[in-house]
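Single-letter residue listing:
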Amino acid sequence: MKFFIDTANLDQIREAQDLGVLDGVTTNPSLMAKEGITGRNNILKHYVDICNIVDGDVSAEVIATDFDGMVKEGEQLAELHEQIVVKIPMIKEGIKAIKYFSDNGIRTNCTLVFSAGQALLAAKAGATYVSPFIGRLDDISTDGLNLIAEIRLIYDNYGFETQILAASVRHTMHVLECAKIGSDVMTGPLSSIEGLLKHPLTDIGLEKFLADYKKGN
Ligand code: G3P
């Protein structure tokens, strides 16, 4: 299972990279705005900065919502760095753009996916990744993890190569449940990754080992 971090914060990206388990980064316009990155040139530079920190794929989202605009913007993003994956929204023009990019060797991440039908369409169009937003489904009393399971079943039925990228992950249990279901990737905040470390018996056990060592030395 690949671990992506869902942030545009360079310090957090560095921290996750230093842990040695990071496989990539996802961003979106809201995450960019949260870091105060505004203006086209600054945003493009920020994507390159992220690529220079991590080894894996970095999703960069288009702002255009028409086919020509998405193609123009996506091609510009893809040229920035070989690690860039063009993030395209799940809309009709977006599906056309994903198909175009797939035919032209540009990798894509289909974002804002909330149903199995949308995920099926993204795979048919040749998306590299599909991003179901599980946390936002949970927010409206709909089981986000169930959507991951449905997509896994459908993709396995037909051997679709599109990778399931569980997005809008909020906490460590989301990560674990996605791993059990067989999501290819998860993207979440640094806390969702670091939460996997924690167990009180580990802390108690280590404290005792060190205390016992001190007694004999
Ligand atoms: O990867 C999608 C993500 O950025 C959305 O997360 O927490 O805003 O629902 P959230």
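In this text, all values refer to a predicted model and were calculated from it rather than measured experimentally. (Residues numbered from 1 in each chain as written. Predicted model: local features only at pLDDT ≥ 70, side-chain atom pairs only at ≥ 80, totals over all residues. Heavy atoms only, no water.)

Enquirer: What is the right way to read the overall build of the chain from this model?
Expert: Along its length, the chain carries 11 helices and eight strands. In terms of its C-alpha atoms, the chain occupies a principal-axis envelope of roughly 70 × 40 × 30 Å. Across the 217 residues in the chain, those meeting the buried criterion constitute 47%. A separation of at least 24 residues holds for 56% of the contacts in the chain among residues at least 6 apart in sequence. Accessible surface for the chain amounts to roughly 11100 Å². Of this, 54% is attributable to carbon and sulfur atoms. Side-chain charges in the chain split into 20 positive and 30 negative, and the spacing between the mean points of these groups amounts to 2 Å. (Helix = DSSP H or I, 4+ residues; strand = E, 2+ residues; numbered from the N terminus. Buried < 20%, exposed > 50% of the residue type's maximum accessible area, 1.4 Å probe, protein only. Contact = heavy atoms within 4.5 Å. Areas by Shrake-Rupley, 256 points an atom, 1.4 Å probe, with all protein chains shown as cover. Lys, Arg positive; Asp, Glu negative; His and termini not counted. Charge placed at Lys NZ, Arg CZ, Asp CG, Glu CD.)

Enquirer: Honestly, the packing of aromatic side chains in this entry has me stumped. Any pointers?
Expert: Each aromatic ring pair is described using two quantities: the centre-to-centre distance and the angle formed by the ring planes. Within this structure, the stated rule accounts for six aromatic pairs. Where Tyr-155 meets Phe-160, the ring centres are 5.7 Å apart and the plane angle is 65°; that geometry is what we call edge-to-face. Residue Phe-160 is classed as partly exposed on the basis of its relative accessible area of 22%. (Phe/Tyr/Trp six-rings, centres within 6.5 Å; stacked < 30°, edge-to-face > 60°.)

Enquirer: Mind showing me how you'd approach the site of the ligand here?
Expert: Near the ligand, the surroundings consist of Asp-6, Asn-28, Leu-31, Phe-133, Arg-136, Ala-167, Ser-168, Arg-170 and Thr-187. Asp-6 places a side-chain nitrogen or oxygen 2.6 Å from an oxygen atom of the ligand. Take Arg-170: an N or O atom from its side chain is 2.9 Å from an oxygen atom of the ligand. In isolation the ligand exposes 310 Å². Once the protein is present, 82% of that is buried. Class assignment of the residues belonging to the shell around the ligand gives a composition of three nonpolar, three polar and three charged. (Near = heavy atom within 4 Å. Polar contact = N/O pair within 3.5 Å; in protein donor to acceptor, adjacent residues only side chain to side chain. Nonpolar A, V, L, I, M, F, W, Y, C, P; charged D, E, K, R; others polar.)

Enquirer: It is not clear to me how the nonpolar core should be interpreted in this structure. Could you clarify?
Expert: Residues Ile-13, Val-25, Leu-77 and Ile-88 are the most contacted members of the largest nonpolar core, which totals 57 residues. The element best represented in this core is helix H3 (residues 40-53), accounting for six residues. For Ile-88, the contacting residues outside a window of four places in its chain are Val-62, Met-70, Gly-94, Ala-97, Ile-98, Phe-101, Thr-108, Asn-109, Cys-110 and Thr-111. Counting residues in each nonpolar core, the second largest holds seven residues, with Val-85, Leu-165, Ala-167 and Val-185 among its members. (Core = buried A, V, L, I, M, F, W, Y, C linked by side-chain atoms within 4.5 Å.)

Enquirer: Looking at this structure, how should I read the pattern of salt bridges?
Expert: It is possible for side chains bearing opposite charge to pair when their charged atoms get close. Evaluated as defined, the whole model comprises 13 salt bridges. Here Arg-107 and Asp-57 are joined by a salt bridge, their closest N and O atoms 2.9 Å apart. Note that Arg-107 is positioned in the loop between helix H5 (92-103) and strand S5 (108-113) and Asp-57 in strand S3 (residues 57-61), a separation of 50 residues in sequence. By relative accessible area, Arg-107 is classed as partly exposed at 29%. Arg-170 serves as the salt-bridge partner of Asp-139, at 3.1 Å between the closest nitrogen and oxygen. (Salt bridge = Lys/Arg side-chain N within 4 Å of Asp/Glu carboxyl O.)

Enquirer: Where do I start with the packing of helix H1 (residues 10-19) against H3 in this structure?
Expert: Close contact between H1 and H3 brings their axes to 10 Å; oriented N to C, the two are set at 15°. Taken together, the axis directions place H1 and H3 in an arrangement best described as roughly parallel. You can see that H1 and H3 cross each other, and the crossing is right-handed. Of H3, the residues touching H1 (which contributes Leu-10, Ile-13, Arg-14 and Gln-17) are His-46, Asp-49, Ile-50 and Ile-53. Taken together, the residues that form the contact of H1 with H3 break down as four nonpolar, two polar and two charged. (Axes fitted to C-alpha atoms, helices over the stretch in contact; angles between N-to-C directions. Parallel < 35°, antiparallel > 145°, perpendicular 65-115°, else oblique. Left-handed = near helix turned anticlockwise from the far one by under 90°.)

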